[in-house]
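# Per-entry structural report
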Amino acid sequence: QVQLVESGGGLVQPGGSLRLSCTASGSIFRIDTMGWYCQAPGKQRELVATIPSGGSATYGDSVKGRFTISRDNAKNTVYLQMHSLKPEDTAVYYCTAFINNRHNYWGQGTQVTVSS
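Residues numbered from 1 in each chain as written. Predicted model: local features only at pLDDT ≥ 70, side-chain atom pairs only at ≥ 80, totals over all residues. Heavy atoms only, no water.

### Details of the nonpolar core
Convention followed: By nonpolar core we mean a set of buried residues, namely Ala, Val, Leu, Ile, Met, Phe, Trp, Tyr and Cys, connected to one another through side-chain atoms within 4.5 Å. With a 1.4 Å probe rolled over the protein chains alone, any residue whose accessible area is under 20% of its type maximum counts as buried; one over 50% counts as exposed, and the rest are partly exposed. Only DSSP runs of H or I covering at least 4 residues are called helices, and only runs of E covering at least 2 are called strands; the numbering of each starts at the N terminus. Throughout, a residue-residue contact means that at least one pair of heavy atoms, one from each residue, lies within 4.5 Å.
By size, the foremost hydrophobic cluster in this structure holds 29 residues, and its most contacted members are Trp 36, Val 48, Phe 67, Val 78, Leu 80, Met 82 and Tyr 93. Those elements giving two or more residues to this core turn out to be strand 3 (18-25), strand 4 (31-39), strand 5 (46-51), strand 7 (67-72), strand 8 (77-82), strand 9 (91-99) and strand 11 (110-114). Per-element tally for this core: the top contributor is strand 9, with five residues. In contact with Leu 80, not counting residues within four places along its chain, are Leu 18, Arg 19, Leu 20, Trp 36, Val 48, Ala 49, Phe 67, Thr 68, Ile 69 and Tyr 93.

This is the structure:
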């Protein structure tokens, strides 16, 4: 069974930084695109960033220039480095990965709160 586990969320002041991590585990022989989405209270889940197994990353408009997505294929892990955080970045952040050319998996989510 495949599982995605996120870590690194928390409370940070405006202008601060956080780094999220997400590791896929289980019976895995292939991981294609990995990514991050976020969902704030009362809003739909929206794209933060995605990164293919080879190629360029894609970012949501609200995070361009502030967030960077990266991955370590040897560790089945995707990262999201967040800088210049704003109160409007407050949300639950979900990791996603398309695994074994079969299914798009989601993590359980990690809360990011930006507040003074």
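### Structural notes on the sheet that holds strand 3
Rules: Pairing between two strands requires that DSSP report at least two bridges joining them. Helix axes are fitted only over the stretch in contact, all axes being lines through C-alpha atoms; the angle between N-to-C directions runs from 0 to 180 degrees.
The four strands are arranged 1-3-8-7 in an open sheet whose pairing can be described as antiparallel. Each edge of the sheet is formed by a strand with only one pairing partner; in this case those strands are strand 1 (3-7) and strand 7. Strand-to-strand twist across the sheet, computed as the mean angle between neighbouring axes with direction ignored, equals 15°. Taken together, the five bridges between strand 1 and strand 3 define a ladder with antiparallel strand orientation. Within the sheet, the bridge partner assigned to Glu 6 lies in strand 3 and is Cys 22.

### Here's the deal with the state of the cysteines
In a disulfide, the sulfur atoms of two cysteines are covalently bonded to one another. Rules: Here, a disulfide means two cysteine sulfur atoms that sit within 2.5 Å of each other.
This model, assessed by the stated rule, comprises one disulfide. Bridging Cys 22 to Cys 95, the disulfide has an S-S length of 2.0 Å. Given an S-S torsion of about -75°, the disulfide between Cys 22 and Cys 95 has left-handed geometry. Separated by 73 residues along the polypeptide, Cys 22 in strand 3 and Cys 95 in strand 9 bring together distant segments of the chain. Cys 22 sits in the buried class, given a relative accessible area of 0%. No disulfide involves Cys 38; its sulfur sits 14 Å from that of Cys 95, the nearest cysteine.

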